[in-house]
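Now for the letters of each chain:
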Amino acid sequence: MSALGQPVKRVLIAGGGTAGWITAGVLAARYPRRGPDGIEITLLESPGRPPIGVGEGTWPTLRTTLQQIGISETDLLRQCDASFKQGSQFNGWEDGDERHGYLHPFTAPAALSGQMLAPHWIEDPPAAFAEAVCYQSAPALQGCAPKLITTPEYAGLANYAYHLDAGKFAGLLKEHCTARLGVRHVLDEIIDVESAEDGDIRRLRTRAGASLEADLYVDCTGLASRLIGQHFGRALLSRRDVLFVDRAWATQAPHADEAAPIASLTVSTARRAGWIWDIALPHRRGIGHAYASGYLCDEAALEELRDYLRIRGLLADTLAFRRLEINPGFRDEFWVRNCVAVGLSAGFLEPLEASAIVMVELSAQMIANLLPRTRSAMHQAGIAFNRAFRYRWERVVEFLKLHYALSRREDSDFWRDNRRPETLPGELAARLAYWRSQCPGHDEFLHREEVFSAASYQYVLYGMGFETAPAPWALSEPSRALAREQFAATGRRARELCAQLPRNRDLLDRIRRFGLQRI
């Protein structure tokens, strides 16, 4: 049989961590048959290599992914030091005053028979945008959980994701994939990548002397990008001209006391040359300062992070700080011949809006969808994958830049330079001009590869004080009356949830004791 006619039955994932084990889980759950008539999935992981461990924020998509893999939500919450996340809160981004903030909740804005509320809010805002159009905002701000102890696993009274310990999460995935899904786990280190005559990867040779062969190789080797970057030489397309943040200091701080509230939002606080993330888990907080080294030196950035911790009573002599390098960009191709990159080997931009894990989920799902029957179909699968993920990465760049470009801060060149037209991607600049007279709508986001919806753009635009002037004939008296009723209904629903839902910590304590109902 020729190489092109070779069945694609052996998948080798190089690298563990969140990217490797999510990919293994998605593929193993989608193709459960093993042996001669099934798919063989192997994950090769270097022993003793710790994960980077700052990817602690997720999207609601993870609930669907974990259900498909077959992991219990109760196990996730118990074993990964996880908490509920209902969105993000941005403080000080608009004008530098930390008392001025806005929300990007996970629940979409309410609508009027399919029509947006945004134009009515612009004409007569009853409250801040997110609070006026989304019932989730008030309970999220008050630290409520998104569900009850009687709510089944992965269901909720409001949309939600998780904050979690990335290292423990990878461990849970590994245990589940190997014990229940039949994934073969090899602890060894790649020392050589051997090519076939046609340019495919033939095999990986390891330090222990193993020769590992597969039909498809998935590069989850992180920033080293051992296969797609080093072996195939695919370039990293830098986006430093658009996204200036290129470093971060990170630490893990214990709560001020064991009963401290657990925030239901990722809190992002703007600083003079970047921003500070604050993620609350049951037993600690993950806090870090993402900054642009061209505007702030490492020592000053660390001192700003220490000030943040000191003000909140979290600074201790025992805290350890790690400095991380960020090279914002993504590969010019992600799928080359019989190799596809997932996770940090494919690219990374910055921690804002927690897009890293969702890009892993989307990659794993698309690999599962496109997995060809024979090697001859792999080229076309690669074309489709590359097209989709080039589009997705570009859209993430634009959405992240939106947060900076709308700021009116004048306290540093960092913020002023972020508003310079030449630093805006062309598509974003065109959209911002259009949105001066038209609210972002669903019809602009019909591409099946969209990562951020019209709702996400609305939350950021109007949270940051962006001004849109819709045509006066776009609104009618009947629609105005319906909008007022919807604003009132949103407020009532928010108050009901605040009264009904437990606090985040209270529910997590009960789940650890009793568990959630299995679906």
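The structure under discussion appears in the preceding block.
In this report, we go over the structure that sits alongside the text. (Residues numbered from 1 in each chain as written. Predicted model: local features only at pLDDT ≥ 70, side-chain atom pairs only at ≥ 80, totals over all residues. Heavy atoms only, no water.)

Brief notes about the overall build of the chain
Okay, step 1: Within the chain, the regular secondary structure consists of 16 helices and 23 strands.
Okay, step 2: Compactness check: the chain gives a C-alpha radius of gyration of 24 Å against a globular reference of 24 Å for 519 residues, within 12% of the reference.
Okay, step 3: Taking the principal axes of the C-alpha coordinates as reference, the chain spans close to 70 × 50 × 50 Å.
Okay, step 4: Here the chain holds 519 residues, and 57% of them are scored as buried.
Okay, step 5: On the chain, roughly 21500 Å² of surface is accessible, and the fraction owed to carbon and sulfur atoms is 50%.
Okay, step 6: Computing the positive centroid from 61 side-chain charges and the negative centroid from 62, the chain places the two 4 Å apart. (Helix = DSSP H or I, 4+ residues; strand = E, 2+ residues; numbered from the N terminus. Rg over C-alpha atoms; globule rule 2.2 N^0.38 Å. Buried < 20%, exposed > 50% of the residue type's maximum accessible area, 1.4 Å probe, protein only. Areas by Shrake-Rupley, 256 points an atom, 1.4 Å probe, with all protein chains shown as cover. Lys, Arg positive; Asp, Glu negative; His and termini not counted. Charge placed at Lys NZ, Arg CZ, Asp CG, Glu CD.)

Remarks on the pattern of salt bridges
Okay, step 1: The final tally for this structure, using the stated rule, is 42 salt bridges.
Okay, step 2: Between Glu303 and Arg310 there is a salt bridge, with its nearest N and O atoms 3.8 Å apart.
Okay, step 3: Residue class for Glu303 comes out partly exposed when judged on its relative accessible area of 37%.
Okay, step 4: On the basis of relative accessible area, Arg310 is assigned to the partly exposed category, the value being 43%.
Okay, step 5: Residues Arg493 and Glu496 are paired through a salt bridge, measuring 3.4 Å at the closest nitrogen-oxygen approach. Of this pair, Arg493 and Glu496 both sit in helix α15 (residues 477-500), 3 residues apart, roughly one helical turn.
Okay, step 6: Owing to a relative accessible area of 29%, Arg493 belongs among the partly exposed residues under this scheme.
Okay, step 7: One network of salt bridges, in which partners are shared, links Glu194, Arg202, Arg203, Arg205 and Glu213. (Salt bridge = Lys/Arg side-chain N within 4 Å of Asp/Glu carboxyl O.)

Looking at the packing of aromatic side chains
Okay, step 1: Inspection of every chain in the model, using the stated rule, returns 28 aromatic pairs.
Okay, step 2: An aromatic cluster is defined as three or more aromatic residues linked by ring pairs; in this entry it consists of Phe90, Trp93, Tyr102, Phe244, Trp275, Trp277, Tyr295, Tyr404, Phe414 and Trp415.
Okay, step 3: One cation-aromatic arrangement involves Arg392 over Phe389; the distance from NZ or CZ to the ring centre is 4.8 Å.
Okay, step 4: The residue whose ring lies beneath Lys401 is Phe244, and the NZ or CZ to ring-centre distance is 4.5 Å. (Phe/Tyr/Trp six-rings, centres within 6.5 Å; stacked < 30°, edge-to-face > 60°. Lys NZ or Arg CZ within 6 Å of the ring centre and 35° of its normal.)

Concerning the pairing of strand β17 (residues 274-280)
Okay, step 1: Counting buried positions along β17 gives 7 out of 7 residues, so the element sits mostly inside the fold.
Okay, step 2: Bridge count for strand β16 (residues 266-271) against β17 is 5 bridges, and the pairing is antiparallel. Opposite Arg271, over in β17, you have Gly274 as the bridge partner.
Okay, step 3: Taking the residues between adjacent antiparallel strands as the criterion, β16 and β17 are bridged by 2 residues.
Okay, step 4: Hairpin connection from β17 to strand β18 (residues 285-291): 4 residues lie between these consecutive antiparallel strands. (Pairing = 2+ DSSP bridges.)

Focus on helix α1 (residues 17-30)
Okay, step 1: Taking 1.5 Å per residue, 14 residues should reach 20 Å; α1 reaches 20 Å between its end C-alpha atoms and fits that length.
Okay, step 2: The buried count for α1 comes to 11 of 14 residues, which makes it a mostly enclosed element.
Okay, step 3: Those residues of α1 lying buried are Thr18, Ala19, Gly20, Trp21, Ile22, Thr23, Ala24, Gly25, Val26, Leu27 and Ala28. (Expected span 1.5 Å × (residues − 1).)

Focus on the sheet that holds strand β23 (residues 347-348)
Okay, step 1: Read across the open sheet, the 3 strands follow the order β14-β20-β23; overall the sheet is antiparallel. Either end of the sheet is taken by a strand with one partner, and the two such strands are β14 (236-238) and β23.
Okay, step 2: Where β14 and strand β20 (residues 329-331) come together, 3 bridges link them in antiparallel fashion. Bridge pairing links Leu237 to Phe330 in β20.
Okay, step 3: The sheet strands contacting helix α11 (residues 378-405) are β14, β20 and β23, and the helix crosses β20 at an angle near 180°. (Contact = heavy atoms within 4.5 Å. Axes fitted to C-alpha atoms, helices over the stretch in contact; angles between N-to-C directions.)

Topic: the nonpolar core
Okay, step 1: Counting 159 residues, the largest nonpolar core has Tyr162 and Leu204 as its most contacted members.
Okay, step 2: No other element matches α11, which puts 13 residues into this core.
Okay, step 3: Residues in contact with Leu204, not counting those within four places in the same chain, are Leu12, Ala14, Leu44, Ile190, Asp192, Val193, Ala210, Ser211, Leu212, Tyr217 and Leu227. (Core = buried A, V, L, I, M, F, W, Y, C linked by side-chain atoms within 4.5 Å.)

Things to note about helix α14 (residues 454-463)
Okay, step 1: Most of α14 is tucked away, with 10 of its 10 residues classed as buried.
Okay, step 2: Of the residues making up α14, those classed as buried are Ala454, Ala455, Ser456, Tyr457, Gln458, Tyr459, Val460, Leu461, Tyr462 and Gly463.
Okay, step 3: Looking at the buried side of α14, the elements it contacts are β5 (101-105), β7 (115-116), α4 (118-123), α5 (129-133), α11 and α13 (426-434).
Okay, step 4: Trailing α14 by a residue or two, Gly465 shows a phi angle of about 85°, which is positive.

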